[in-house]
Amino acid sequence: METPENEVFRDSIGTINEDGKRNWLYPKKPTGKFYDYRKWVSYGLLAFLLAAPFIKINGNQFIMMNVLERRFNIFGFPFWPQDFHLFVIMMIIGVVFVIFFTVAFGRIFCGWMCPQTIFMEMVFRRIEYWIEGDRGKQIRLDKQKWDAEKIRKKGTKWFIFAVISFIIANVFLAYLIGSDQLFKYIKDGPLAHLSTLLSLIIFTAVFYFVFAWFREQVCIIACPYGRLQGVLLDDKSIIVAYDHKRGEKEEGRALFKKNEDRAATGKGDCIDCGQCVQVCPTGIDIRNGTQLECVNCTACIDACDQIMEKVDLPKGLIRYASEDNITKGNKFEWTPRLKGYVAVLAILLGIFSGMMLLRNDVEARVLRLPGSLYEHKGEDVISNVYTYKLVNKTIVSIDDIHFKLLSHKGDINLVKNQGFSIAKEGLAEGTLFIELKTGAIKGDKERVEIGIYSGDDLIETTTTSFLGPRSYK
Ligand code: SF4
Ligand code: SF4
């Protein structure tokens, strides 16, 4: 089926030319109100991203994603492998929140909060502007032969890019293995931890590749979130949009003639200056309508507002607006779809809060030794053998630990002595015997409840099964 004429732009992307080769983009340096706001938001987020693995709350790293050991800290709150269900619910809440936000406000996350955009547009791109100059100068420099100026500028830029990539790689490692571990490795010297050094070099190379060369293609080709836009956005979503009604009017867009009365000509307010296209970091023309490539960076809003000011027309030809707002003048409304997402979020948050309240500082598991049966001890005592595992999720050691039977009269005997300690964030494992009088056993298999005490404080309870002979039924 042939693509309609007004949709032909969707057959190709701005970063690939007709020969299928990379079309290098030289976005013009944005200036304006939104760019200034974004700068401040970015400074805050950059400070957060770079500092978060080095901040501690109650001794816990503020944010840590130790995938290898399956230990995660979110806002200083530690999640252990045993808390994986909590972590999964938190991730689901995050995904539903992002979906809700996308349906309501489009790709606002991409333009304002995504680390890729922040590092690309607010760090690497600004260094590039500083060293090579704005769009025109960059194009000239790239066409220029490799003379002393080009070698100096490109060399300086690539060196600074490599240093920043190395810093980002170190911070990334601090998120993965923990900042304490990172500092320890630095102190020990890189050669003492060759595999970590290799990971660091690979991370540095990946970040360098992404920010020095791959750039906007992350958002256009690689990012799965960008691909979801087609199913998430609707006519009510507020996105960076071109007001085609105002921009085109009856006569369509046209160049601006000095002193013309634009309203009387019937021409649209778009003066076809191309500034919105020149500033776009993904190389698209927002006047074609909503596109997958648009990361809602607002650069075209600023560029167009400045042009509108110059030709004395109202600002906001490109603005945050929904298709319904542009075509029908509708304001933002709480659609049933949005209300549905809010309801799902509220339910998930309720479940998560409840589970957090029920979460214990100590995780206990007592399991019967595989393949073992019961054993008679003397005339009237039945004994079962178990393995136990206690996890201390806190950052202080827990002392004087002992087990007591809560559901039955009987004894718990540990192979090692009761009254032991578990170090902070530590684990204790061992073997224990539960001994019950035959008179206390009602069936051949029953649940027994065990209390784990630290001194006189009950810190956790758990249950396990106890086997007895059939004759005691
Ligand atoms: S910047 Fe504004 S006036 Fe210029 S081409 Fe884009 S939409 Fe039209
Ligand atoms: S179309 Fe505008 S908002 Fe979208 S990426 Fe380009 S400049 Fe940014």
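An unreviewed UniProt entry annotates the chain as Cytochrome C oxidase originating from Nonlabens ulvanivorans.

### With respect to the sheet that holds strand β15 (residues 445-454)
One open sheet holds the four strands; their spatial order is β13-β11-β15-β16, and the pairing between them is antiparallel. A strand with exactly one partner marks an edge of an open sheet, and here the two such strands are β13 (420-422) and β16 (457-467). Here the average twist between neighbouring strands, direction ignored, is 35°. Where strand β11 (residues 398-405) meets β15, five bridges bridge the pair, whose relative direction is antiparallel. The partner of L405 across the bridge, within β15, is I450.

### Overview of helix α17 (residues 336-358)
A rise of 1.5 Å per residue sets the reference length of α17, with its 23 residues, at 33 Å; its end C-alpha atoms lie 33 Å apart and thus fit the reference within 8%. Of the positions making up α17, those classed as buried are L338, Y341, L345, L348 and F352. Buried residues belonging to α17 abut β5 (77-79) and α2 (84-105).

### A few points about a negative patch on the surface
Residues D399, D400, D456 and D457 make up a contiguous surface patch of negative charge. Within the secondary structure, D457 is located in strand β16.

### What about the layout of surface pockets?
Computed from the structure, the largest pocket encloses a volume of approximately 2,000 Å³. What lines the largest pocket is a set of 45 residues, among which F48, L49, F109, M113 and P115 lie closest to the centre. Put simply, the parts of the chain that give the lining of the largest pocket at least two residues each are α1 (33-51), β5, α2, α3 (108-112), α4 (115-132), α6 (148-177), α8 (194-214) and α17. If one sorts the elements of the lining of the largest pocket by residue count, α2 sits on top with nine residues. The residue makeup of the lining of the largest pocket, split by class, is 41 nonpolar, four polar and no charged. Within this model, the second largest pocket holds a volume of roughly 580 Å³.

Scoring rules and cut-offs
- Residues numbered from 1 in each chain as written.
- Chains lettered and ligands numbered in written order.
- Predicted model: local features only at pLDDT ≥ 70, side-chain atom pairs only at ≥ 80, totals over all residues.
- Heavy atoms only, no water.
- Pairing = 2+ DSSP bridges.
- Helix = DSSP H or I, 4+ residues; strand = E, 2+ residues; numbered from the N terminus.
- Axes fitted to C-alpha atoms, helices over the stretch in contact; angles between N-to-C directions.
- Expected span 1.5 Å × (residues − 1).
- Buried < 20%, exposed > 50% of the residue type's maximum accessible area, 1.4 Å probe, protein only.
- Contact = heavy atoms within 4.5 Å.
- Patch = residues over 30% accessible without salt bridge, like charges linked within 9 Å, V, L, I, M, F, W, Y side chains within 5 Å.
- Areas by Shrake-Rupley, 256 points an atom, 1.4 Å probe, with all protein chains shown as cover.
- Salt bridge = Lys/Arg side-chain N within 4 Å of Asp/Glu carboxyl O.
- Lys, Arg positive; Asp, Glu negative; His and termini not counted.
- Charge placed at Lys NZ, Arg CZ, Asp CG, Glu CD.
- 1 Å grid on protein atoms, 1.4 Å probe; cavity = no way out; pocket = protein on both sides within 12 Å on 5 of 7 lines; lining within 4 Å.
- Points joined across faces, edges and corners; volume = space filled by probe spheres on them.
- Nonpolar A, V, L, I, M, F, W, Y, C, P; charged D, E, K, R; others polar.

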